[in-house]
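Listed below, chain by chain, are the residues.
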Amino acid sequence: MRILFMGTPDFAVRSLEKLAEEKEFDLAAVFTRGDKPKNRGMKTVYSPVKETAIKKGIAVYQPESLKDKDAENILRGFSPDIITVVAYGKILPEELLKAAPLGAVNLHPSLLPKYRGAAPVQRAIMNGETMTGVTTMYLSKELDSGDIIYTEETPIGEFETAVELNDRLKELGAVLLCKTLRDIASGTAPRMPQNNAAATYAKPVERYESAVDWNRPPREIINKIRGLLPWPTATAIIGGVVFKLFSAEPARNIANKTPGSIISAGKNGFEISCMGGETLFITQIQAPGGRRMAACDYIRGHKTDLEGL
């Protein structure tokens, strides 16, 4: 099977690597998003997929638009049997969906039709879901709404972060994608229309969502901290300092204090009052200009600053 692969971020890398490892797949070329300047020096940085493709000697193309004939002509010139899309970052026009004889398939990190859209991993965690998974589907012109081929479920750990879950899903997804392509090639792949009435949308995560609202239950705050990693990271003012928050756990205590009050600061971290007087421990933090560390280590080094709080 001759494949044209489309993908951009780290999530797509494992799928590209897995396809390259399997002898029955011929990777004709890779389409990925354009290079971007990054950090203070504005050095041009390749996408993770481009870096991987170059290392493996696979042709790379970065069309600015998929809506003109140039991209379609380039794609058709590789004569792929199928187009495989994993977190490419652009919606394919209808003409491209028909450019390969076996169509176009997509790997998505949720159990569709739930969490269509750009941030399914983060939103699932932030919403307190206990199960998620990966889905392979045929692409259609509407976002993440094509017919489902296969799904694979996995539980979400109680304190698993979006980074950790993303790493698990990209491995699970790579295996499922290979199975999907094999079954399409053999003519045994199923096809099931999505239930659009059950669809939910995972909108992109934005920086303004970082601020923690202590007038929420502890579990909801913990889920937010887990879900906003690695970006933009949850933030909160504790003792007059704006910290980035990396982990938290329930304190299972009741304190008659205003939400956001520091109840204690010690070996378990900062104990903070939340909605209804319930408390939680903030256990990993980063102060402005500092490094990520255990909250107890910060507290140990700032005892004088924290006295009387």
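Rules used in this analysis
Residues numbered from 1 in each chain as written. Predicted model: local features only at pLDDT ≥ 70, side-chain atom pairs only at ≥ 80, totals over all residues. Heavy atoms only, no water. 1 Å grid on protein atoms, 1.4 Å probe; cavity = no way out; pocket = protein on both sides within 12 Å on 5 of 7 lines; lining within 4 Å. Points joined across faces, edges and corners; volume = space filled by probe spheres on them. Nonpolar A, V, L, I, M, F, W, Y, C, P; charged D, E, K, R; others polar. Pairing = 2+ DSSP bridges. Helix = DSSP H or I, 4+ residues; strand = E, 2+ residues; numbered from the N terminus. Contact = heavy atoms within 4.5 Å. Axes fitted to C-alpha atoms, helices over the stretch in contact; angles between N-to-C directions. Buried < 20%, exposed > 50% of the residue type's maximum accessible area, 1.4 Å probe, protein only. Arc of directions from axis to C-beta. Polar contact = N/O pair within 3.5 Å; in protein donor to acceptor, adjacent residues only side chain to side chain.

**Observations concerning the layout of surface pockets**
Here the largest pocket is characterised by a volume of approximately 1,600 Å³. Taken together, 50 residues make up the lining of the largest pocket; nearest its centre are P9, A87, Y88, G89 and A118. Among the residues making up the lining of the largest pocket, the classes are represented as 28 nonpolar, twelve polar and ten charged. Its boundaries defined by the atoms lining it, the second largest pocket holds a volume of some 150 Å³. Lining the second largest pocket, in full, are E94, L97, K98, G103, A104, Y138, L139, S140, K141 and R191. Residues of the lining of the second largest pocket, tallied by class, amount to four nonpolar, two polar and four charged.

**Quick notes on the sheet that holds strand β2 (residues 26-31)**
Within the open sheet, the seven strands sit side by side as β5-β2-β1-β6-β7-β9-β10. Their pairing is mixed. Only two strands of the sheet have a single partner each, and these edge strands are β5 (60-61) and β10 (148-155). Note that strand β6 (residues 82-86) and strand β7 (residues 104-108) share four bridges and pair parallel. By the bridge assignment for β7, I83 is matched with A104. Across the sheet, helix α3 (residues 69-77) touches β1 (2-7), β2, β5 and β6, and the angle it forms with β2 is around 165°.

**A closer look at α3**
What α3 keeps buried is the set A71, E72 and L75. Seen end-on, α3 carries its buried residues on one side only, within an arc spanning 95°. Turned more than 90 degrees from where α3 packs its buried face, K69, D70 and G77 sit exposed. Against β1, β2, β6 and α4 (94-97) lie the buried residues of α3. Where α3 begins, one side-chain oxygen reaches toward the backbone nitrogen of D70, 3.2 Å away; that side chain belongs to D68.

Keep in mind these values describe shape, not function.
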